Amino acid sequence: MSTELNILTEPGSGIAAGAASFTLRHRVFRTVWSVAWTVLAAWTPAPLAAWRRLVLGAFGASIHPTARVYGSARIWYPPNLTMAAGAVLGPRSNCYSVARITLGVGAIVSQGAHLCTGSHDIDDPGFQLIAAPIVIGRNAWVAAEAFVGPGITIGEGAVLGARGVAFSDLVPWGVYAGNPARLLRTRRRPHQG
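Residues numbered from 1 in each chain as written. Predicted model: local features only at pLDDT ≥ 70, side-chain atom pairs only at ≥ 80, totals over all residues. Heavy atoms only, no water.

1. Concerning the environment of Val55
- Position of Val55 among the secondary structure elements: in helix 2 (residues 49–58).
- Apart from the residues within four sequence positions on either side, Val55 is in contact with Trp33, Trp37 and Leu40. (Helix = DSSP H or I, 4+ residues; strand = E, 2+ residues; numbered from the N terminus. Contact = heavy atoms within 4.5 Å.)

Laid out in structure tokens, this is it:
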């Protein structure tokens, strides 16, 4: 699992020394972000998606004007979130965005799903945080309460079934379920009727 050059490697982080993984500045940013989301967006009804996009954008997220993020979604660090046209972060979804999370055109992350870019190096005596990006491809679907681990790419049109757990990449148009997720079949592409 590779660590993307990001918040874990900025000057002052304790990643190499076994201390706190994030700088004080970064922790303050996340606190301000958490308060802002709670006060300005978490309570808003579904039709106020444009307002939530504005709040996320003000904190560094890259959100297409047609993407939707529900108020009950949790985004740990907005600058590491990119959402393309028509992408959706459903109710109670959780984006632990220590590294970049990218949702492609039409990608859907359903209610209660967890996108987790961070883990810990279990062989390091300091149990340091490590991170790798997640990519959810065009027209892919992460179903209710599914879990996607660090460094995973979910291919175009792939489906991770409800409560499925992905610790390896999902091939385009594959339908997966289980823990760990396994390929059940291939999904028909839209042009195949």
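Having seen it, we continue.
2. What to know about the sheet that holds strand 2 (residues 68–69)
- Taken together, the seven strands give an open sheet; going across it, the order is 2-5-8-13-16-18-19, and neighbouring strands pair in mixed fashion. Two strands close off the open sheet at either side, each with one partner strand: strand 2 and strand 19 (182–186).
- In this sheet, strand 8 (residues 108–109) lies alongside strand 5 (residues 88–89) in parallel orientation, the contact comprising two bridges. Among the inter-strand pairings, Val88 is bridged to a residue of strand 8, identified as Ile108. (Pairing = 2+ DSSP bridges.)

3. Some thoughts on the sheet that holds strand 12 (residues 134–136)
- The sheet built from five strands is open, its strands ordered 1-4-7-12-15 with parallel pairing. Of all strands in the sheet, those with a lone pairing partner are strand 1 (62–63) and strand 15 (153–154), marking the two edges.
- Taken together, the two bridges between strand 1 and strand 4 (residues 81–83) define a ladder with parallel strand orientation. Bridge pairing in strand 4 links Ile63 to Met83.

4. A few points about the confidence of the model for the chain
- On average, the chain scores 91 in pLDDT, and the residues at 70 or more come to 89%.
- In this model, residues 1–5 is a region of pLDDT below 50 whose contacts with residues beyond four sequence positions or in other chains number 12 contacts. (pLDDT = per-residue confidence, 0-100.)

5. Considering the packing of aromatic side chains
- In total, this model carries eight aromatic pairs according to the counting rule given.
- When the ring of Phe29 is compared with that of Phe59, the centres are 5.9 Å apart and the planes differ by 65°; the resulting orientation is edge-to-face. With Phe29 in helix 1 (residues 24–40) and Phe59 in the loop between helix 2 and strand 1, the pair connects residues that are 30 residues apart, well separated along the chain.
- Taken together through their ring pairs, the aromatic side chains of Phe22, Phe29, Trp33, Trp37, Phe59, Trp76, Tyr77 and Tyr96 make up a single cluster. (Phe/Tyr/Trp six-rings, centres within 6.5 Å; stacked < 30°, edge-to-face > 60°.)

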